[in-house]
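Tertiary structure, described
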Amino acid sequence: MPVEDTDSTLMRRPAEELLAAEPLGHALVLHAPGEAPRRLPLGPGALRLGRVAGNDLVLPAPEVSRNHAVLSLTEAGLVLTDLGSTNGCLVDGVRIAAPIALSPGARIGIGPFRLDYQRGPRAEMDRAAAEARDLDRARRYLQALLPPPIESGPVQAAWRFLPSASLGGDAFGYRWLDATRFAVHVMDVAGHGTDSALLAASVMNLLRERAGPDPAAVLAGLNASFQMDQQGGLFFTMWYGVADLAARRLRFAAAGHHPALLETAGGRVALAAKAPPIGAVPAATYPVFEATLPPAARLTLCSDGVFETEQPIAGRRGFAALAEWLPPHTTPLAAAPEALLARAREAAGPSGFDDDVSIVVLDFP
Amino acid sequence: MEYKVTALDGATNRVAMSGRLDALGAEAIELGFTAAVASVDRHALVNLAGVDFCSSLGLRLLISVARVLQRRGRLLVLYAAQPAVAEVFETIALDQMIPVVVTEAEALARLAA
């Protein structure tokens, strides 16, 4: 390939990629002779490279000039400028003649040193490729714990679960406690990654055995078992409800979780209960509230990943947006979670969701 | 995400935070913020006027630092939260864990209480 082509490619690419909406992370991997590669995250501003002290990165070798080059993170991307060095700077093997915007993966050669430029969405940069495989296994395990949809009977259930790239610690479950009482919960661990998924899985497994009829007792029990100091600093939010189908009543409590939405022929109400997240306060108590379940009641629970997107493009965000996005009450149950998800996705914009998204919809015909 | 620590007196720091306290913001400042605020034997009055978003990871950072200070007999007090951030605090009942007030004068009054 002619040198000119290489140069123009290098100059063009970064500008195109800046169109990506998500914030980017930048790093250099320094390969020094005889040393293990070292990863250097780059912040905004200039990084001066040279042989002598006073540079931001000292490259001690005779082939390196005293003040050799400067790397500047600007709106145009990472720009390498040679400061008139004796031996020059190579980018992908070609000596640069003028300041150059670097493409991700570019290899800078300065004397015996090599600097590899890495760029990507910041969050993803921090979670290395090796971790992705482990996360994928954790995701499959979590998904296996989720309950199957229920298509008929006195309680029907449908859901959508969209784990984020890094796993956000969402989980949910529901089950019959006895012939007339049905328990449901949604939880969201304050964290990302395998540790959050492990905590979510522990709680789900525990609730399979320990889901009880009293929401206050269930949340207090979890709070006693999962204090953040003993959980690697993790805590989680939960909404927990028990529907009594004989009495047509729903008793619920929440630990730091936003309200569930109950739709009936009479309208829509937010089922709110204020208390701290599980694990955050040792002796927390969880007030229990009640709602009646008239015929054709629909209960929607979700995680905040649905409405807390980092860069929303359209309309509102926050819990207030959720009620606006709910599909009409007449939407068939099986289609309801997807319909809500579609509205949320539209509002999240091109960068998509940055947290797990869980939506559980229950019908009480 | 940025923060600036100013000594108000020998026992109290004012910490002005600004930016988005989301997953990336919290991760970016976690080590430095914890060292600057939680590793010193001073109360921390945290001015949130410049914070326009706070996610669960942001909350986790504030709660962890507050717990460390509490164990040492020091207080972390939050003040001047914007409405969207105050709504998140309300949802998770943050005021049951950390004092949340509106003005710096109220924050100082909490220390005296």
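Below or above, wherever it landed, is the structure these notes cover.

What counts, and at which threshold
Residues numbered from 1 in each chain as written. Chains lettered and ligands numbered in written order. Predicted model: local features only at pLDDT ≥ 70, side-chain atom pairs only at ≥ 80, totals over all residues. Heavy atoms only, no water. Phe/Tyr/Trp six-rings, centres within 6.5 Å; stacked < 30°, edge-to-face > 60°. Helix = DSSP H or I, 4+ residues; strand = E, 2+ residues; numbered from the N terminus. Buried < 20%, exposed > 50% of the residue type's maximum accessible area, 1.4 Å probe, protein only. Lys NZ or Arg CZ within 6 Å of the ring centre and 35° of its normal. Core = buried A, V, L, I, M, F, W, Y, C linked by side-chain atoms within 4.5 Å. Contact = heavy atoms within 4.5 Å. Expected span 1.5 Å × (residues − 1). Pairing = 2+ DSSP bridges. Axes fitted to C-alpha atoms, helices over the stretch in contact; angles between N-to-C directions. Buried area = accessible area lost by both parts, 1.4 Å probe. Salt bridge = Lys/Arg side-chain N within 4 Å of Asp/Glu carboxyl O. Polar contact = N/O pair within 3.5 Å; in protein donor to acceptor, adjacent residues only side chain to side chain.

1. Observations concerning the packing of aromatic side chains
With the rule as written, the count across this model stands at 9 aromatic pairs over all chains. Between W239 of chain A and F252 of chain A, the ring centres sit 5.3 Å apart and the planes meet at 10°, which makes this aromatic pair stacked. Here F252 of chain A lies in strand β16 (residues 249-255) and W239 of chain A lies in strand β15 (residues 236-244), a separation of 13 residues in the sequence. No difference in accessibility class separates W239 of chain A from F252 of chain A, as the two residues are buried. Three or more aromatic residues link up through ring pairs in this structure, and these residues are W159, F161 and F172 of chain A. One cation-aromatic arrangement involves R20 of chain B over F53 of chain B; the distance from NZ or CZ to the ring centre is 4.6 Å.

2. So, the nonpolar core
Most often, soluble globular proteins have nonpolar side chains that are buried together. Within the largest apolar cluster, 95 residues are counted, with the highest numbers of intra-cluster contacts made by W239 and L299 of chain A together with M17 and L76 of chain B. Considering each element in turn, this core owes the most residues, 8 residues, to helix α2 (residues 56-71) of chain B. Filtering out sequence-adjacent residues up to four positions away, M17 of chain B remains in contact with M1, E2, Y3, I29, F33, V46, N47, L48, G50, V51 and L62 of chain B. If you look at the next biggest cluster of nonpolar residues, it comprises 27 residues, including L40, L49, A69 and L80 of chain A.

3. What to know about unusual backbone geometry
Residues and elements named next belong to chain A. Not every positive phi belongs to a glycine, and D92 is a case in point at roughly 50°. Relative to the helices and strands, D92 resides in the loop between β7 (90-91) and β8 (94-95). Owing to a relative accessible area of 39%, D92 belongs among the partly exposed residues under this scheme. Its identity as a non-glycine residue notwithstanding, R248 has a phi of 50°, on the positive side. Within the secondary structure layout, R248 lies in the loop between β15 and β16. On the basis of relative accessibility, which here comes to 23%, the residue R248 falls in the partly exposed class.

4. A look at helix α4 (residues 194-210) of chain A
Spanning 17 residues, α4 of chain A covers 24 Å between terminal C-alpha atoms, matching the ideal 24 Å at 1.5 Å per step. Turning to α4 of chain A, its buried residues are S196, A197, L199, A200, A201, V203, M204 and L207 of chain A.

5. Structural notes on the sheet that holds strand β17 (residues 260-264) of chain A
Residues and elements named next belong to chain A. Judged by pairing direction, the sheet is antiparallel, and its 5 strands sit side by side in the order β12-β21-β20-β17-β18 without closing on themselves. Where the open sheet ends on each side, the last strands, each with one partner, are β12 (156-162) and β18 (267-271). On average, adjacent strands in this sheet sit at an angle of 15° to one another, irrespective of strand direction. Against the sheet, helix α7 (residues 336-348) engages β12, β20 (297-302) and β21 (357-364), with an angle of about 35° to β12.

6. Things to note about the interface of chain B and chain A
With 24 residues of chain B at the contact, the number on the chain A side is 30 residues. Buried surface at the junction of chain B and chain A, both sides included, amounts to about 2100 Å², of which 52% is carbon and sulfur. The largest per-residue losses of area from chain B upon contact with chain A belong to L24, R60 and R67 of chain B, which jointly make up 29% of the total buried on that side. Counting every contact that joins chain B to chain A gives 4 salt bridges. When the shortest N-O distance is used, the salt bridge between R71 of chain B and D229 of chain A registers 3.6 Å. Across the chain B-chain A interface, the total number found is 6 residue pairs in polar contact (both at pLDDT 80 or more). Mapped onto the side of chain B that touches chain A, the elements with two or more residues apiece are α1 (23-38), β3 (43-54), α2 and α3 (83-91) of chain B. If one sorts the elements of the side of chain B that touches chain A by residue count, α2 of chain B sits on top with 8 residues.

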